[in-house]
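A closer look at the structure
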Amino acid sequence: MTSLTSNPQTSISHRHNAVIEVQNLVYTYSHQEPVLKEISFSLNAGDRVALMGATGSGKSTLLENLIGLKHPQSGAIYINGTLVEPKTLPQIRKQVGFTFQDANDQLFMPTILEDVTFGPRNYGVSPAIAIDKALQLLADFGLEAYARRSAHELSGGQRRLAALATILALEPSILILDEPTAGLDPAWRRHLAQVLLKLPVQVILIASHDLHWLGRVTQRALVLSGGCIQIDSQIQPLLQDGKTLDQLGLPVDW
Ligand SMILES: Nc1ncnc2c1ncn2[C@@H]1O[C@H](COP(=O)(O)OP(=O)(O)O)[C@@H](O)[C@H]1O
Ligand SMILES: [Mg+2]
């Protein structure tokens, strides 16, 4: 009856073309109502996507499922055609760069420079090349003077930029960012937008409350509410639709 069964070819090729494919994902923290109920969407090469939704709507939970830090009760996630599961995680994490909502979760070495060189060194990049690249990234984020200091000596916004540098050092083809502008002033928000727009990545997915900034960096928006993707549309018309955003818990000017 359905188009899926009458034309199975469509759904199969669709899955294999998508960079990120999420099918009927359900995620429940123990003894609670599901935070994510039947989430399905696909992101294709070239997509720059905003993940919007009120505080507590499940944005971070969804992102952590995508990179295999959390395991869904049911449903499936494919990254470039590979099912995300414990045995594929090393392969998945070579492709996907992820920054946590809390940058402290990403910075654990004695110095920022060691944090940024850690990933490349693990993949066998020589110390000299890794350090060169790290210093370049840190300079780009205004952190060259902090390279040999500990993350504790950085402001929240600086820590966020340092965490992003640790990810960019690995040159991921997919970038997933959780609240990247938190703690950044307007000048740094602008700079971060410019950096992200220049990156040669397949897909960027960004969870944020910073609606106007998202409007400059992404083209498409997914809105989470009530455990479901309520909206999947172009971001610009959505940003003009204050009433709909308000109903989804996202008042535009607040
Ligand atoms: N470790 C946890 N244990 C139990 N509930 C959690 C945990 N982490 C988050 N939650 C709950 O899941 C919901 C979604 O949280 P989260 O994904 O962090 O939302 P968002 O990132 O959109 O603010 C919230 O109701 C939150 O309280
Ligand atoms: Mg969050």
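The notes below deal with the structure included here. (Residues numbered from 1 in each chain as written. Chains lettered and ligands numbered in written order. Predicted model: local features only at pLDDT ≥ 70, side-chain atom pairs only at ≥ 80, totals over all residues. Heavy atoms only, no water.)

1. Overview of the coordination of the magnesium ion (ligand 2)
Within the protein, the atoms that donate to the magnesium ion (ligand 2) are S60 (OG) and Q101 (OE1), at distances of 2.1 Å. Pair noted here: S60 is in helix α3 (residues 59–66) and Q101 is in the loop between β6 (96–99) and α5 (112–122), with a separation of 41 residues, a long-range link. Classification of Q101 by relative accessible area gives partly exposed; the value is 38%. (Donors = N, O, S within 2.8 Å, 3.2 Å for Na, K, Ca; no water. Helix = DSSP H or I, 4+ residues; strand = E, 2+ residues; numbered from the N terminus. Buried < 20%, exposed > 50% of the residue type's maximum accessible area, 1.4 Å probe, protein only.)

2. As for α5
Buried within α5 are the following residues: I112, L113, D115, V116, T117, G119 and P120. The secondary structure elements touched by the buried residues of α5 are α6 (127–140) and α7 (156–168). Count one or two residues on from α5 and you reach G124, which has phi positive near 95°. (Contact = heavy atoms within 4.5 Å.)

3. A few points about the sheet that holds strand β2 (residues 36–43)
Backbone hydrogen bonds are what pair the strands of a sheet, in a parallel or an antiparallel way. Strand order in the open sheet made by the four strands is β2-β1-β4-β5, with antiparallel pairing throughout. Of all strands in the sheet, those bounded by a partner on one side alone are β2 and β5 (82–83). Across five bridges, strand β1 (residues 20–27) lies against strand β4 (residues 74–79) in antiparallel orientation. Along β4, the bridge assignment pairs V26 with S74. Against the sheet, α3 touches β1, β2 and β4, its axis set at about 120° to β1. (Pairing = 2+ DSSP bridges. Axes fitted to C-alpha atoms, helices over the stretch in contact; angles between N-to-C directions.)

4. Some words on the packing of aromatic side chains
Between two aromatic rings, the relevant description is the distance of the centres plus the angle of the planes. Scanning the entire structure with this criterion turns up three aromatic pairs. An angle of 80° between the planes, with centres 5.0 Å apart, marks the rings of Y27 and Y29 as edge-to-face. Residue classification places Y27 among the buried positions, given a relative accessible area of 10%. Its relative accessible area of 27% is what places Y29 among the partly exposed residues. Judged by centre distance (5.2 Å) and plane angle (85°), the rings of F108 and F118 are edge-to-face. Residue F108 is located in the loop between β6 and α5, and its partner F118 is located in helix α5; the two are separated by 10 residues in the primary sequence. Judged by relative accessible area, F108 falls into the exposed class, the value being 54%. (Phe/Tyr/Trp six-rings, centres within 6.5 Å; stacked < 30°, edge-to-face > 60°.)

5. Some thoughts on the sheet that holds β6
Spatial strand order, β6-β7-β8-β3-β9-β10: six strands in an open sheet with mixed pairing. Sheet topology places β6 and β10 (228–234) at the edges, where each strand pairs with a single neighbour. This sheet shows a mean twist of 15° between the axes of neighbouring strands, independent of strand direction. Where strand β7 (residues 174–178) and strand β8 (residues 203–207) come together, five bridges link them in parallel fashion. Bridging from a neighbouring strand, I176 pairs with L205 of β8. Packed onto the sheet, α7 meets β6 and β7 and runs at close to 170° relative to β6.

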